[in-house]
Amino acid sequence: MNMKPTTTNANLVSAWILNDQLMHPERHPTLLEAVRLADGDHDQVRVVIIESFRHFSALPYHKKRLAFIISAGRHFVEELRSKGWQVDCISAESFRQGLRKHRETHSWKQCVTMRAAENSTSALQEDLKSSFKDAAFEIISNGQFYWPQTENAKPTTKNVVMENFYRIMRRHFQLLMKDDKKSPVGDQWNFDADNRKPLPKKHVSPDYPKFEPDEMTSNVLKEVNSKYPDHVGTTNDFYLPVTRQQSELAFGNFLDHRLNEFGPYEDAMSQASGTLWHSMMSPVMNLGLIDALEMCRAAESRYRSGLAPINSVEGFIRQVIGWREYMHWQYCRTSTSLRTANKWNHSRPLPQFWWDGHTDMACLKTIISRLIDTGYNHHIERLMVLCNYAMLAGINPEAVANWFLTMYVDSHDWVVLTNVIGMGLNADGGKIATKPYIASGAYIHKMSDFCGGCKYNPKQRTGPDACPFNTLYWNFLIQNEATLRSNPRMGPNVLGLRHISEPESIVIQKEAEEYFSNLDFYDGPEYQPDDE
Ligand SMILES: Cc1cc2nc3c(=O)[nH]c(=O)nc-3n(C[C@H](O)[C@H](O)[C@H](O)COP(=O)(O)OP(=O)(O)OC[C@H]3O[C@@H](n4cnc5c(N)ncnc54)[C@H](O)[C@@H]3O)c2cc1C
Ligand code: SF4
């Protein structure tokens with residue numbers, strides 16, 4: 001690549017910050033390194049942020065996701081400028097072209113960038129490094145996660161289950177630990193027995209705070225509609241926090257109004273609310289607008305001052321410092337092999353209704369319609385309804401992962417591949433989750449109020465009124481009995497087959513086939529990352 005500058009500043013250090021690296025400027029690894037390379041002279045550092053059209057159209061991403069990322073990036077530019085940084089915000093066809101544009105105007109002594117959290121951009125950074133012959137290009141380690149500071153960072157070829165990983169994190173960062181520094185407060189690492197409750201009737205959850213778009217966000221919303229007209233979803237009713245200050249307000253609102261009941265109703269689903277007591281913090285956490293460990297410490301202090309119960313606080317900390325970090329650790333270990341993993345050899349395309357919500361299955365209709373509007377579903381809706389369905393229907397894991405990447409405001413490669421291909425679809429051969437998360441309609445009936453408004457009956461497994469989750473669940477068990485038997489954690493599910501007679505087994509398989517033959521399918525476009 002020929003990138004000759006038109007102006008020269010022999011001492012300039014460029015700091016290339018990616019769109020999901022909007023960490024606090026005072027602690028930002030790229031900025032700290034850039035200032036170090038500039039011999040402490042802040043004025044010799046020029047920050048560059050690139051809005052790459054290719055990156056934003058790698059898939060037909062939800063319009064709210066795009067608007068959120070672009071607006072958060074521009075607010076970050078404002079934040080940096082207000083603190084005296086010189087910033088170039090460049091709109092370009094690709095990252096490479098953006099960097100070329102930047103270099104055409106500013107020569108640099110060195111360019112520093114933090115390793116991308118996602119594989120394709122990280123590979124691009126490596127490629128750029130080797131193509132800059134006449135200027136140094138440094139890639140520093142990714143500082144967005146906490147596990148590299150702990151024993152979990154030791155190289156290992158052995159798998160580590162999440163529970164052990166999580167205990168290491170708790171001990172290392174002394175979260176919810178007793179004075180002896182070794183044992184957990186409450187003498188338990190896990191309070192799941194107090195959680196996972198369905199919603200009691202008439203139990204009303206608090207609203208999630210809505211952040212009205214300011215002028216900058218309003219302009220971004222218009223821009224997204226004109227530049228990415230064919231992308232999914234809508235920009236209407238944009239509600240997300242886009243600055244560090246708003247992210248902190250959103251978190252404060254969670255601590256004050258939702259943390260206490262987060263634990264008990266973590267797994268509940270409701271027709272009336274898509275957020276319930278969930279934090280909705282993943283979008284801003286994934287962009288670096290709020291710090292995961294600080295959030296855990298703030299939740300812990302609510303418990304220590306007697307303001308929040310242990311089961312909720314532990315449940316929240318487990319999600320953030322446990323599951324979230326574990327997923328990133330697994331992504332780094334499994335590298336690029338995860339995207340195409342397909343242990344169960346599933347090949348069915350995605351049903352069309354996953355794109356528009358047009359189905360008479362009330363649970364899926366509610367969840368998908370909500371997703372099209374907001375770009376958000378909570379964890380159990382993603383895992384136990386959507387992925388459960390995809391697993392039972394034998395849908396191709398990569399198509400499912402691309403759909404998840406497309407539809408959610410908090411989606412990023414590292415967190416989608418691990419959760420969808422690993423946890424939700426067990427397509428990695430059980431490295432991330434030791435068993436497939438499958439369930440019949442009985443689970444959805446128990447944990448939600450969806451079934452009351454559905455044309456299907458969650459208690460029937462055959463016949464015209466049978467809940468498709470039941471037909472597909474039993475069909476899956478019948479067809480995969482031998483494989484499932486070899487997994488000790490699937491024992492109770494397989495035992496259920498004793499209650500299915502041979503004639504019923506034939507009817508279930510026939511009705512499952514009929515169900516599939518009545519569906520329309522559409523996988524969506526292929527994933528084309530900006531890595532050239
Ligand atoms: C199939 C599937 C797809 C998912 N896709 C995404 C995704 O695109 N982006 C994303 O950030 N999370 C994803 N998750 C994880 C989890 O569902 C979301 O982080 C969570 O629903 C976000 O909502 P919340 O902030 O209200 O979470 P809360 O329920 O309030 O949980 C608190 C925080 O814990 C973290 N967390 C909890 N579970 C996980 C997990 N399994 N992996 C990573 N972080 C976790 C998140 O940062 C979350 O904000 C996915 C999970 C599944 C099963
Ligand atoms: S009956 Fe089945 S399809 Fe209908 S809402 Fe319940 S679980 Fe979903």
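This text goes with the structure placed above it.
Residues numbered from 1 in each chain as written. Chains lettered and ligands numbered in written order. Predicted model: local features only at pLDDT ≥ 70, side-chain atom pairs only at ≥ 80, totals over all residues. Heavy atoms only, no water.

K.L.:
Account for the site of ligand 1, with residues named and values stated.
P.N.:
Neighbouring ligand 1 are 28 residues; H278, S279, M280, Y376 and N419 lie closest to it. Here N286 contributes a side-chain N or O atom positioned 2.8 Å from an oxygen atom of ligand 1. N419 has a polar side-chain atom sitting 2.8 Å from a nitrogen atom of ligand 1. A total of 820 Å² of accessible area belongs to ligand 1 in isolation, and the protein chains cover 99% of it. For the shell around ligand 1, the secondary structure elements donating two or more residues are helix 10 (282-287), helix 12 (310-334), helix 15 (379-392) and helix 17 (413-424). For the shell around ligand 1, the leading source of residues is helix 12, giving six residues. Of the residues contributing to the shell around ligand 1, the split by class is 15 nonpolar, ten polar and three charged. (Near = heavy atom within 4 Å. Polar contact = N/O pair within 3.5 Å; in protein donor to acceptor, adjacent residues only side chain to side chain. Areas by Shrake-Rupley, 256 points an atom, 1.4 Å probe, with all protein chains shown as cover. Helix = DSSP H or I, 4+ residues; strand = E, 2+ residues; numbered from the N terminus. Nonpolar A, V, L, I, M, F, W, Y, C, P; charged D, E, K, R; others polar.)

K.L.:
Can you lay out the pattern of salt bridges for me, pointing to particular residues and giving the numbers?
P.N.:
Evaluated as defined, the whole model comprises 27 salt bridges. A salt bridge links D413 to R339; its shortest N-O distance comes to 3.9 Å. Linking D413 in helix 17 with R339 in the loop between helix 12 and helix 13 (353-356), this pair joins segments that are 74 residues apart in sequence. Residue classification places D413 among the buried residues on the basis of a relative accessible area of 6%. In this structure, a network of salt bridges that share partners links the residues E163, R167, R170, E314 and R318. (Salt bridge = Lys/Arg side-chain N within 4 Å of Asp/Glu carboxyl O. Buried < 20%, exposed > 50% of the residue type's maximum accessible area, 1.4 Å probe, protein only.)

K.L.:
Go over helix 6 (residues 162-172) with me, naming the residues and quoting the values.
P.N.:
Burial in helix 6 covers these residues: M162, F165, Y166, I168, M169 and R170. Buried-residue contacts for helix 6 involve helix 12. Q174 sits one or two residues past helix 6 and shows a positive phi near 50°. (Contact = heavy atoms within 4.5 Å.)

K.L.:
Lay out the side chain of N487 in plain terms, naming residues and giving numbers.
P.N.:
As for its position among the elements, N487 is in the loop between helix 20 (481-485) and helix 21 (491-495). Judged by relative accessible area, N487 falls into the buried class, the value being 17%.

K.L.:
An account of the side chain of R258 is requested, with residue identities and associated values reported.
P.N.:
Examined against the element boundaries, R258 turns out to sit in the loop between helix 8 (244-257) and helix 9 (259-262). Although R258 is buried, it forms no salt bridge, and the closest oppositely charged side chain is D207 at an N-O distance of 8.9 Å. Polar contacts involving the side chain of R258 include one to the side chain of N253, which spans 2.9 Å. Not counting the four nearest positions on each side in its chain, R258 is found in contact with P206, Y208, P209, A250, N253, L276, W277, H278 and S279. (Lys, Arg positive; Asp, Glu negative; His and termini not counted.)

K.L.:
Explain the nonpolar core residue by residue, including any values.
P.N.:
Residues W354, L364, Y389, W403, F404 and F469 are the most contacted members of the largest nonpolar core, which totals 159 residues. Considering every element that reaches this core, the biggest residue donor is helix 12, with eleven residues. When residues no more than four places from it in sequence are discounted, the contact partners of Y389 are P351, F353, W354, M361, L364, I395, F469, L472, Y515 and L519. (Core = buried A, V, L, I, M, F, W, Y, C linked by side-chain atoms within 4.5 Å.)

K.L.:
Explain the packing of aromatic side chains to me, and be specific about the residues and the numbers.
P.N.:
On inspection of all chains with the given rule, the structure shows 27 aromatic pairs. Both rings, one in F251 and one in F254, keep their centres 6.1 Å apart while their planes meet at 25°; by these two values the pair is stacked. With F251 and F254 both in helix 8 and three residues apart, the pair spans about one turn of that helix. Using a relative accessible area of 6% as the deciding quantity, one classes F251 as buried. Residue class for F254 comes out buried when judged on its relative accessible area of 0%. The structure contains a cluster of three or more aromatic residues connected by ring pairs, namely F353, W354, Y389, W403, F404, Y408, F469, Y515 and F516. (Phe/Tyr/Trp six-rings, centres within 6.5 Å; stacked < 30°, edge-to-face > 60°.)

K.L.:
Can you explain unusual backbone geometry? Please cite residues and give values.
P.N.:
With a phi angle near 50°, L176 is a residue other than glycine that sits in the positive phi range. Note on placement: L176 falls in the loop between helix 6 and helix 7 (215-227). Given a relative accessible area of 0%, L176 falls into the buried group. Residue D187 is not a glycine yet carries a positive backbone phi of 55°.

K.L.:
Residue-level account of helix 3 (residues 63-82), with values.
P.N.:
Helical periodicity: at 3.6 residues per turn, an α-helix aligns residues three or four positions apart in one direction. Relative to the 28 Å expected for 20 residues at 1.5 Å per residue, helix 3 spans 28 Å between its end C-alpha atoms, a close match to the ideal helical length. Within helix 3, 17 of the 20 residues are buried, which leaves the element mostly enclosed by the surrounding structure. Downstream of helix 3 by one or two residues, G84 has phi in the positive range, about 95°. (Expected span 1.5 Å × (residues − 1).)

K.L.:
Residues and numbers for the pairing of strand 4 (residues 110-114), please.
P.N.:
Across the five residues of strand 4, five count as buried, placing the element largely inside the fold. Taking every second residue as pointing to the same face, both faces of strand 4 are buried, with Q110, V112 and M114 on one and C111 and T113 on the other. Bridge count between strand 1 (residues 13-16) and strand 4: four bridges; the pairing is parallel. When the bridges of strand 4 are listed, W16 appears paired with T113. Here strand 4 runs beside strand 5 (residues 136-140); their pairing, made up of five bridges, is parallel. Residue pairing across strands places T113 opposite I139, the latter belonging to strand 5. (Pairing = 2+ DSSP bridges.)

K.L.:
Give a detailed account of the sheet that holds strand 4, specifying residues and quantitative values.
P.N.:
As summarised here, the arrangement of the five strands in space is 3-2-1-4-5, forming an open sheet in which the pairing is parallel. Only two strands of the sheet have a single partner each, and these edge strands are strand 3 (86-92) and strand 5. The mean inter-strand angle of the sheet, taken between neighbouring strand axes irrespective of direction, is 25°. Sheet analysis places strand 1 next to strand 2 (residues 45-52), joined by four bridges and oriented parallel. Paired with A15 across the bridge in strand 2 is V47. Together, strand 1, strand 2, strand 3 and strand 5 form the strand contacts of helix 4 (residues 95-105), whose direction differs from that of strand 3 by roughly 135°. (Axes fitted to C-alpha atoms, helices over the stretch in contact; angles between N-to-C directions.)

K.L.:
Tell me what's going on with the environment of T483, and back it up with residues and numbers.
P.N.:
As for its position among the elements, T483 is in helix 20. Look at T483 and you get partly exposed, because its relative accessible area is 44%. Linking T483 and K202, residues 281 residues apart in sequence, is a C-alpha distance of 42 Å.

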